Amino acid sequence: MDKHIGLFGGTFNPPHIGHLIIAQEALKQLNLNEVWWMPASNPPHKKKVEDVSDRHRIEMVKKTIGNNNQFSLSLLEFERSGPSYTIDTIRLLKKKFPNKDFTFIMGGDMVHSLGSWHQIDQLKDLVHFAGVGREGFPVDEHWERFNVKLIEIPNIGISSTFIRLRAKENSNFRYFVADDVWKYLKEHQLYG
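Heads up: these notes are all about the structure in this document. (Residues numbered from 1 in each chain as written. Predicted model: local features only at pLDDT ≥ 70, side-chain atom pairs only at ≥ 80, totals over all residues. Heavy atoms only, no water.)

1. Looking at the packing of aromatic side chains
A full pass over the atoms with the stated rule returns ten aromatic pairs. Ring centres of Phe8 and Phe12 lie 5.3 Å apart, and the angle between their planes is 80°; this geometry places the pair in the edge-to-face category. According to the relative accessible area criterion, Phe12 is buried, its value standing at 2%. Members of the aromatic cluster, connected to one another through ring pairs, are Phe8, Phe12, Trp37 and Phe71. (Phe/Tyr/Trp six-rings, centres within 6.5 Å; stacked < 30°, edge-to-face > 60°. Buried < 20%, exposed > 50% of the residue type's maximum accessible area, 1.4 Å probe, protein only.)

2. Digging into unusual backbone geometry
A cis geometry characterises the amide bond from Asn13 onward to Pro14, with omega recorded as 0°. The topology assignment puts Pro14 in the loop between strand 1 (3-10) and helix 1 (17-29). For Asn31, which is not glycine, the phi dihedral falls at a positive 55°. The topology assignment puts Asn31 in the loop between helix 1 and strand 2 (34-39). The phi dihedral of Asn147 falls on the positive side, at around 50°, and the residue is not glycine. (Helix = DSSP H or I, 4+ residues; strand = E, 2+ residues; numbered from the N terminus.)

3. As for the packing of helix 2 (residues 54-65) against helix 8 (residues 179-188)
Taken N-terminus to C-terminus, the directions of helix 2 and helix 8 make an angle of 150°; their axes are 8 Å apart at the nearest point. In terms of axis orientation, helix 2 runs roughly antiparallel to helix 8. Taken together, the residues of helix 8 that come into contact with helix 2 (itself represented by Arg55, His56, Glu59, Met60, Lys63 and Thr64) are Asp180, Val181, Tyr184, Leu185 and His188. Each residue belonging to the contact of helix 2 with helix 8 can be placed in one class, and the counts come to four nonpolar, three polar and four charged. (Axes fitted to C-alpha atoms, helices over the stretch in contact; angles between N-to-C directions. Parallel < 35°, antiparallel > 145°, perpendicular 65-115°, else oblique. Contact = heavy atoms within 4.5 Å. Nonpolar A, V, L, I, M, F, W, Y, C, P; charged D, E, K, R; others polar.)

Structure, rendered in structure tokens:
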């Protein structure tokens, strides 16, 4: 394998500093060469908030990752139709990049749902998993069953849901997102 790539999937609605911390710590702790941010087009495990277009989510990810040469945006999930099943994404990536080794990065809540993922038995043979601990989702047998590596990050308690709620209430969330995302949110009056 010539490169080890982290795949950071999510709705990123909006992306926030917690996402940046996860991506940066994944790079370091998993010895990754790069992290590819992959906004989900049609996530089967998460209800997408419909008040923000895919175009806005993609632009916010671009602004979040900025000019970090170890972060890049992958729109693979938008290049195909139907639900964004991880197995389909990984199969496409393996075909397109046979010399790359992939680790899928997720939150602890997603680790606990892995058993219900589409074709999980085939998926676990194609990709490594890494997870971030999350309150209410302890590191337990779910992590062991799928050999999920723990990415340790400081507990900062920021979520996209929290930011959307703050925006809707017209409350301050200024330092929870990257500067360019803050400006973009204000310019396009998103979530409020």
